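Results of the structural survey
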Amino acid sequence: MTKYLISFPSAAMDVPEEEVPALSDASHAVVQEAKDAGVWVFGGGIDESISPVMVDSDGTVREGTYPQTTHLEGGYSVLELPSYDSALEWAAKIAVACRCAQEVRAFEYDPAS
């Protein structure tokens, strides 16, 4: 089976404050559904209050990030699924719960992982 990344940027989840509790309940319900189905691998949101750092091959830590990932934030789910179509179905469920479109990407197969 293939692992899929289903994600969205923080700005995509633009909902009125009074709808946040319902959104939270709906997103937790989809996570539980994925766990119950045995397809949940990992998920969560990037903690935007903690600045990213770079760790060099010699162990040196420095502020900053790659230019391509300067704005990396949002919510992420990794599911292990039997097909691309299954990934699209789960992305649709997450989109409904989170009230925003979801991006779907497949991880390359690596037998060591």
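We now turn to the structure provided with this report. (Residues numbered from 1 in each chain as written. Predicted model: local features only at pLDDT ≥ 70, side-chain atom pairs only at ≥ 80, totals over all residues. Heavy atoms only, no water.)

Details of the overall build of the protein
Helix and strand counts for the protein come out as 2 helices and 6 strands. Overall, the protein shows an N-to-C arrangement of helices and strands of β-α-β-β-β-β-α-β. Considering only C-alpha atoms, the protein reaches an extent of 40 × 40 × 20 Å along its principal axes. Pairs at least 24 apart in sequence give 78% of the contacts found in the protein among residues at least 6 apart. In the protein, the 6 positive side-chain charges and the 19 negative ones have mean positions that sit 4 Å from each other. (Helix = DSSP H or I, 4+ residues; strand = E, 2+ residues; numbered from the N terminus. Contact = heavy atoms within 4.5 Å. Lys, Arg positive; Asp, Glu negative; His and termini not counted. Charge placed at Lys NZ, Arg CZ, Asp CG, Glu CD.)

Description of the sheet that holds strand β6 (residues 103-106)
Spatially, β2-β5-β1-β6 is the arrangement adopted by the 4 strands of the open sheet, whose pairing is antiparallel. Both outer strands of the open sheet, β2 (40-45) and β6, are each paired with one neighbouring strand and no more. Along the sheet, successive strands turn relative to each other by an average axial angle of 20°, direction set aside. Along the sheet face, helix α2 (residues 84-98) touches β1 (2-8), β5 (75-81) and β6 and points at about 25° away from the line of β1. (Pairing = 2+ DSSP bridges. Axes fitted to C-alpha atoms, helices over the stretch in contact; angles between N-to-C directions.)

Description of the nonpolar core
Membership of the largest hydrophobic core comes to 15 residues, with the highest contact counts inside it found for Ile6, Val39, Leu79, Leu81, Trp90 and Ile94. The element that contributes the greatest number of residues to this core is α2, accounting for 6 residues. Residues within four places of Val39 in sequence aside, it is in contact with Ala34, Val78, Leu79, Glu80, Leu81 and Trp90. (Core = buried A, V, L, I, M, F, W, Y, C linked by side-chain atoms within 4.5 Å. Buried < 20%, exposed > 50% of the residue type's maximum accessible area, 1.4 Å probe, protein only.)

Section: the packing of helix α1 (residues 20-36) against α2
Relative orientation of the contacting elements α1 and α2 amounts to 160°, with a least axis distance of 8 Å. Judged by the angle between their axes, α1 and α2 are roughly antiparallel. In this structure, α1 contributes Leu23, Ala26, Ser27, Val30, Glu33 and Ala34 to the contact, and α2 contributes Trp90, Lys93, Ile94, Ala97 and Cys98. (Parallel < 35°, antiparallel > 145°, perpendicular 65-115°, else oblique.)

Honestly, it's all geometry; don't read function into it.
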